[in-house]
Amino acid sequence: MEKIKNYINGEMINPISNTYIDNYNPSTGEVYSLIPDSNEEDVDLAVKSAQAAFPTWSKTSKEKRSIILQKLATLIEDNLDRFAEAESKDNGKPLKLSKTVDIPRAAANFNFYATGVLHYASEAHAMEDMAINYTLREPIGVCGCISPWNLPLYLFSWKIAPALAIGNTVVAKPSEVTPYTAYLLSELCIEAGLPKGVLNIVHGLGHKVGAAITKHPDVPVISFTGGTITGSEIARTAAPMFKKLSLELGGKNPNIIFDDCDFDKALKTTIHSSFANQGQICLCGSRIFVQRGIYEKFKTAFVEKVERLKVGNPFDEDSNLGAVVSQSHMEKVLSYVTLAEEEGGTVLTGGNQVHLDGDQKNGYYIAPTIIEGLSFDCRTNQEEIFGPVVTIMPFDTEEEVLMMANSTKYGLAATVWTQDVTKAHNVAAKLHAGIVWVNCWLLRDLRTPFGGVKNSGVGREGGFNAFEFFTEPKNVCIKL
Ligand code: TXE
């Protein structure tokens, strides 16, 4: 059985404990590799390596850092097929999604920040009485980057690329559920000539390795993406240590469809925003609000198209949905279908585990599920399910749908479908969200601020926001 290795101080090494955890292929339910069951000692070794590398790396010219990270991006692109197959095997998502979204976006993340650092400048302020202020933006030191299982390399690279490009060193922990592409990336880092200790990847469990990174006294910055509960646990540890903290957490995103929408576009995109990646994207629109004038027409058409989606082997070209990421996650998602029925909902389609045959017979598959008849404030409509399950509700007025959309403790993303541009601006302005898409979904410009409000997180990633997070500003005022 293949043993994944940690990447510490430029080398691929075993965990100090020499103990391992099973790594499952969710599409077959089989163990296919082993993950280091690392602990505090491995984290401490990684932090020491990152600390030792920081003085040189932070003083390396941005041009040199840029060249190395662009080389890494090119190596990812050159290894697209191998990485995409690894990602789908580890996560369960359709291969075509790994090939067209996850892996290309990981390369794009490195390219974006490797080139962005060449253009990132800070400000100066001239004063009347012959004094000048200039602001230095300095790298901070060892950054802890902790990422989730839904978009493994995509979100892993989204954190480490800006941290490294701006001159920090990193101790990173991918999810123990999907460690494999981060492991493959380690090998490319060596090939790209990333100096030893600049990036260190420690595999293992969240409450052991993630917690050890979070509480390590020599890791002043923590960037986390994952569940809201875990985010609050990390905040509890980091806050009294005055660490800089970026938290990208859960969502329960409204998808608001007015009766003056472009019906066909709204329908086509809603299928995607509901079930892409098996609904395991924090930006998915899991609460669908349809204005009464088109509710029945939209509902009927939506159900009819969703019933034609194929749940299958992620490696089959015609599979629209693959497996959800784990047995426990499948059980969690299905438990919400049971809850929805207890809360008075009606399952219009799906709501069941899908049993495939052959090698996939023990995989974790769920039918795309649409539920109607629930109140906007029931648990099913307030809690993040994070699977291929959406609810659909009618509404009459703008005020009513805004009240329902804003009623959850989350505020990450929202989608609005209308051809009335004034209404689009008004509704977008009133939604509790960090990202609002109008007549589109998941259209992403990497320069834009990315993140949410309320329990969806703290801070923003994306564009120069990431460089602001991964640097400390210092104002120098000189009397001339
Ligand atoms: O996230 P966790 P999981 C939501 C989704 C999902 C729930 C839990 O609802 O069902 O979160 O998913 C590490 N200290 N999202 O279990 O536990 C862990 O090892 C430090 C939304 O994946 O938050 C992993 O590397 N680290 C999210 C990372 O945190 C800890 C995407 C995320 O794990 C830790 C994924 C601890 N105490 C899930 N405990 C999004 N916003 O995209 C765990 N970890």
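Quick look at the structure, then. None of the values given here were measured: they were computed from a predicted structure. (Residues numbered from 1 in each chain as written. Predicted model: local features only at pLDDT ≥ 70, side-chain atom pairs only at ≥ 80, totals over all residues. Heavy atoms only, no water.)

### Details of the sheet that holds strand β15 (residues 346–349)
By definition, the strands of a sheet pair up through backbone hydrogen bonds, in either a parallel or an antiparallel sense.
Thinking step 1. Here we have 7 strands laid out as an open sheet, ordered β15-β16-β17-β14-β13-β18-β19, and mixed in their pairing. In this open sheet, the two edge strands, each paired with only one partner strand, are β15 and β19 (435–438). For this sheet, the mean inter-axis angle between neighbouring strands, taken without regard to orientation, is 25 degrees.
Thinking step 2. Sheet analysis places strand β13 (residues 253–257) next to strand β14 (residues 285–291), joined by 5 bridges and oriented parallel. Across the sheet, P254 pairs through a bridge with R287, a residue of β14. (Pairing = 2+ DSSP bridges. Helix = DSSP H or I, 4+ residues; strand = E, 2+ residues; numbered from the N terminus. Axes fitted to C-alpha atoms, helices over the stretch in contact; angles between N-to-C directions.)

### Observations regarding the pairing of strand β6 (residues 124–127)
Thinking step 1. Direction of pairing for β6 relative to strand β7 (residues 131–139): antiparallel, over a ladder of 4 bridges. Among the inter-strand pairings, H125 is bridged to a residue of β7, identified as N133.
Thinking step 2. Linking two consecutive strands that pair antiparallel, namely β6 and β7, is a turn of 3 residues; a positive phi of about 50 degrees is found at M130 within it.

### As for the pattern of salt bridges
Thinking step 1. Throughout the structure, instances matching the rule amount to 18 salt bridges.
Thinking step 2. Between K208 and D37 there is a salt bridge, and its shortest N-O distance comes to 2.9 Å. With K208 in helix α7 (residues 206–215) and D37 in the loop between β5 (30–36) and α1 (40–59), this pair connects stretches of sequence that are 171 residues apart.
Thinking step 3. For D37, a relative accessible area of 15% gives the class buried.
Thinking step 4. The salt bridge involving K99 is made with D81; its shortest N-O contact spans 3.8 Å. Of this pair, K99 sits in helix α4 (residues 95–116) while D81 sits in helix α3 (residues 80–91), and the two are 18 residues apart along the sequence.
Thinking step 5. You can call K99 partly exposed: its relative accessible area is 32%.
Thinking step 6. We classify D81 as partly exposed; its relative accessible area is 42%.
Thinking step 7. Three or more residues are tied together by salt bridges with common partners; here these are E296, K299 and E372. (Salt bridge = Lys/Arg side-chain N within 4 Å of Asp/Glu carboxyl O. Buried < 20%, exposed > 50% of the residue type's maximum accessible area, 1.4 Å probe, protein only.)

### Focus on the site of the ligand
Thinking step 1. The ligand sits among 27 residues. The nearest are W149, E176, L249, K332 and E384.
Thinking step 2. Within the side chain of K173, one N or O atom sits 2.9 Å away from an oxygen atom of the ligand.
Thinking step 3. Take T230: an N or O atom from its side chain is 3.1 Å from an oxygen atom of the ligand.
Thinking step 4. In isolation the ligand has 810 Å² of accessible area, and contact with the protein removes 87% of it.
Thinking step 5. Given that more than half its atoms are within 2 Å of the pocket grid, the ligand belongs to the largest pocket.
Thinking step 6. Those elements that provide at least two residues to the shell around the ligand are α7, β11 (221–225), α8 (228–238) and α11 (327–342).
Thinking step 7. Considering every element that reaches the shell around the ligand, the biggest residue donor is α7, with 4 residues.
Thinking step 8. When grouped by side-chain class, the residues that make up the shell around the ligand number 10 nonpolar, 11 polar and 6 charged.
Thinking step 9. Inspection of the shell around the ligand shows a minimum of three residues originating in each of domain 1 (2–249 + 456–479) and domain 2 (253–446). (Near = heavy atom within 4 Å. Polar contact = N/O pair within 3.5 Å; in protein donor to acceptor, adjacent residues only side chain to side chain. Areas by Shrake-Rupley, 256 points an atom, 1.4 Å probe, with all protein chains shown as cover. 1 Å grid on protein atoms, 1.4 Å probe; cavity = no way out; pocket = protein on both sides within 12 Å on 5 of 7 lines; lining within 4 Å. Sits in = over half its atoms within 2 Å of the grid points. Nonpolar A, V, L, I, M, F, W, Y, C, P; charged D, E, K, R; others polar. Domains from an automatic or database assignment.)

### Looking at helix α9 (residues 263–275)
Thinking step 1. The end-to-end C-alpha separation of α9 is 18 Å, in line with the 18 Å expected for 13 residues at 1.5 Å each.
Thinking step 2. For α9, every residue scored as buried is listed here: F263, A266, L267, T270, I271, S273, S274 and F275.
Thinking step 3. Residues of α9 that are buried make contact with β13, β14, α10 (292–306), β16 (369–372), β17 (389–395) and β18 (413–417).
Thinking step 4. One or two steps after α9, the chain reaches N277, where phi turns positive at roughly 55 degrees. (Expected span 1.5 Å × (residues − 1). Contact = heavy atoms within 4.5 Å.)

### Structural notes on the layout of surface pockets
Thinking step 1. By volume, the largest pocket is sized at about 1100 Å³.
Thinking step 2. F224, G226, G227, T228 and T230 are the residues nearest the centre of the largest pocket, which is lined by 40 residues in total.
Thinking step 3. Within the residue set of the lining of the largest pocket, elements represented by two or more residues are α7, β11, α8 and α11.
Thinking step 4. Per-class residue counts for the lining of the largest pocket are 14 nonpolar, 17 polar and 9 charged.
Thinking step 5. When residues are assigned to domains, the lining of the largest pocket turns out to be shared by domain 1 (2–249 + 456–479) and domain 2 (253–446), each giving three or more.
Thinking step 6. Taken together, 17 residues make up the lining of the second largest pocket; nearest its centre are I271, H272, A276, L309 and N320.
Thinking step 7. Taken together, the elements giving at least two residues each to the lining of the second largest pocket come down to α4 and α9.
Thinking step 8. No other element matches α9, which puts 5 residues into the lining of the second largest pocket.
Thinking step 9. Tallied by class, residues from the lining of the second largest pocket come to 7 nonpolar, 6 polar and 4 charged. (Points joined across faces, edges and corners; volume = space filled by probe spheres on them.)

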